[in-house]
Amino acid sequence: MGFTVKVGGGMGRTPLVGAVVRDFLPWAELLNYIEAIVRVYNSYGRRDNKWKARIKILVKSEGQGFIDAVEKEYQAIVQQDGAPHTITAAEFERVARHFVVPPLAPANRPSQVDPQGQLYQRWLRQNVRGHKLAGMKTVTLSFKRVGFNPGDADGDTLQALAQLAEDFSAGEARLTHEQNLLLPWVFASDLPALYEAARQLGLAQPNIGLITDMISCPGGDFCSLANARSLHIAAALTERYQDLDEIFDLGPIDIHMSGCINSCGHHHSGHIGILGVDKDGKEWYQITLGGADGSTLSGPAIGGKVVGPSFSAAEVPDVIEALLDTFRALRQPGELFIDALRRIGHEPFKLAANGARHPKPEALLI
Ligand code: SF4
């Protein structure tokens, strides 16, 4: 088993897919090779200029020279340094021991949940997934709810969650990339009681993968690098889309939001991306369409395309609504947003988005 190693991928103003520096690397050599890459970057990276400091800039400017330098450094690490970071079988076994099935026991708690109730059925559909072990499930607790920033939880909620994980998931929980929390070891027989407990904590919204399950970076409310705030946009969208019939009808849609080009919210890979930009000290938002993060739903990773000049904060919810109205009008029965966008093309969506501009202030071409 081995890896193909790519370096220098990136989005933003300099979108790159990354250069293949090694077609095949045995897995045990991975850390030695990463050491070689970091050494070359440390030696030649543009640390003198923050706009050119990223490794992707070095890879782009040096091309084959970068690849050759990494290979030379790697050979030196192996032959002269004695390959000190080679992953041994013993080390592999040591780490693998942390990834075993924990002792499992059902909570066996009674519950008052109506197993045929619509809300519970929707939760089962959106928030519960299959498991490699028969009779077990994984459950995602939703941290996308009105009155909270995406992914936020207070101390009391975290304490209660720890108890929930203890009772229902062998004491384990995982934070997800989508800013939710996953319980990996849940007995199917415990689902009604877990749902009941999660509802009491306000964490049982059946919206995983749906429009309100958006990713948002902290933006200008918390991050000193931000060009614009993102959390008030997330709040406006969350409040706007609270009708479960509507959001189930819209189906899976990835909205990703970043407060600046550093892209912590991965706006570029959202079906709808929202990027905060700064113009003359004011907050504006660039909207992109058709991004994909490589998931089964979205297909191979690709950056979204900008729909036009940036929008004001007040315009963004109307733009999203216009995009969704266009989707509803043009979709085929059962078609998902991302599939409809690819089949139809971006043009009608761009027209709708640009038609949602408010008369003032003037849009900025960024
Ligand atoms: S994308 Fe920008 S604003 Fe958002 S967290 Fe990252 S650096 Fe901060």
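Residues numbered from 1 in each chain as written. Predicted model: local features only at pLDDT ≥ 70, side-chain atom pairs only at ≥ 80, totals over all residues.

Section: the overall build of the protein
Helix and strand counts for the protein come out as twelve helices and eleven strands. Along the first, second and third principal axes, the C-alpha atoms of the protein reach 70 × 60 × 40 Å. Across the 366 residues that make up the protein, the buried fraction comes to 36%. A separation threshold of at least 6 residues defines the contact pool for the protein, and within that pool the share at least 24 residues apart is 62%. (Helix = DSSP H or I, 4+ residues; strand = E, 2+ residues; numbered from the N terminus. Buried ≥ 20, exposed ≤ 12 C-beta atoms within 10 Å, placed from the backbone. Contact = placed C-beta atoms within 7 Å.)

Some remarks on the nonpolar core
The biggest cluster of nonpolar side chains holds 39 residues, and the ones touching the most others in it are I255, M257, I274, Y285, I287 and L323. Elements with a minimum of two residues in this core: α8 (231–240), β8 (255–258), β9 (272–279), β10 (282–289), α10 (316–330), α11 (337–344) and α12 (347–355). Tallying contributions element by element places α10 first for this core, with six residues. One finds F143, L161, L191 and A193 within the second-largest nonpolar core, a separate group that totals 24 residues. (Core = buried A, V, L, I, M, F, W, Y, C linked by C-beta atoms within 7 Å.)

So, α10
Since one α-helical turn is 3.6 residues long, residues separated by three or four positions face the same way. Compared with the 21 Å implied by 1.5 Å per residue over 15 residues, the 21 Å span of α10 between its first and last C-alpha is a close match. Each element contacted by the buried residues of α10 is listed here: α8, α9 (244–250), β9, β10, α11 and α12. (Expected span 1.5 Å × (residues − 1).)

Describing the domain arrangement of the protein
Size of an interface, as often reported, equals the accessible area lost when the parts are brought together. Taken domain by domain, the protein holds domain 1 (2–98), domain 2 (118–200) and domain 3 (215–355). Inter-centroid distance (C-alpha atoms) of domain 1 to domain 3 is 33 Å. (Domains from an automatic or database assignment.)

Examining the environment of L104
Locating L104 in the fold gives a position in the loop between α4 (89–96) and α5 (118–127). Separated by 67 residues in sequence, L104 and G171 place their C-alpha atoms 9.7 Å apart. Each residue touching L104, except ones within four places of it in the same chain, is listed here: A170 and W185.

Regarding the sheet that holds strand β11 (residues 305–306)
An order of β7-β8-β9-β10-β11 is seen for the five strands of this open sheet, with the pairing classed as mixed. The open sheet is flanked by β7 (215–216) and β11, the only strands paired with a single partner. With two bridges joining them, β7 and β8 adopt parallel strand pairing. Bridge pairing in β8 places S216 opposite M257. Lying on the sheet, α8 is in contact with β7, β8 and β9; it crosses β8 at an angle near 155 degrees. (Pairing = 2+ DSSP bridges. Axes fitted to C-alpha atoms, helices over the stretch in contact; angles between N-to-C directions.)

What to know about α8
Within α8, the full set of buried residues consists of L231, I233, A234, L237 and T238. Angularly, the buried residues of α8 cover 155 degrees about the axis, an arc narrow enough to put them on a single face. Where α8 is buried, its residues touch β7, β8, β9 and α10. (Arc of directions from axis to C-beta.)

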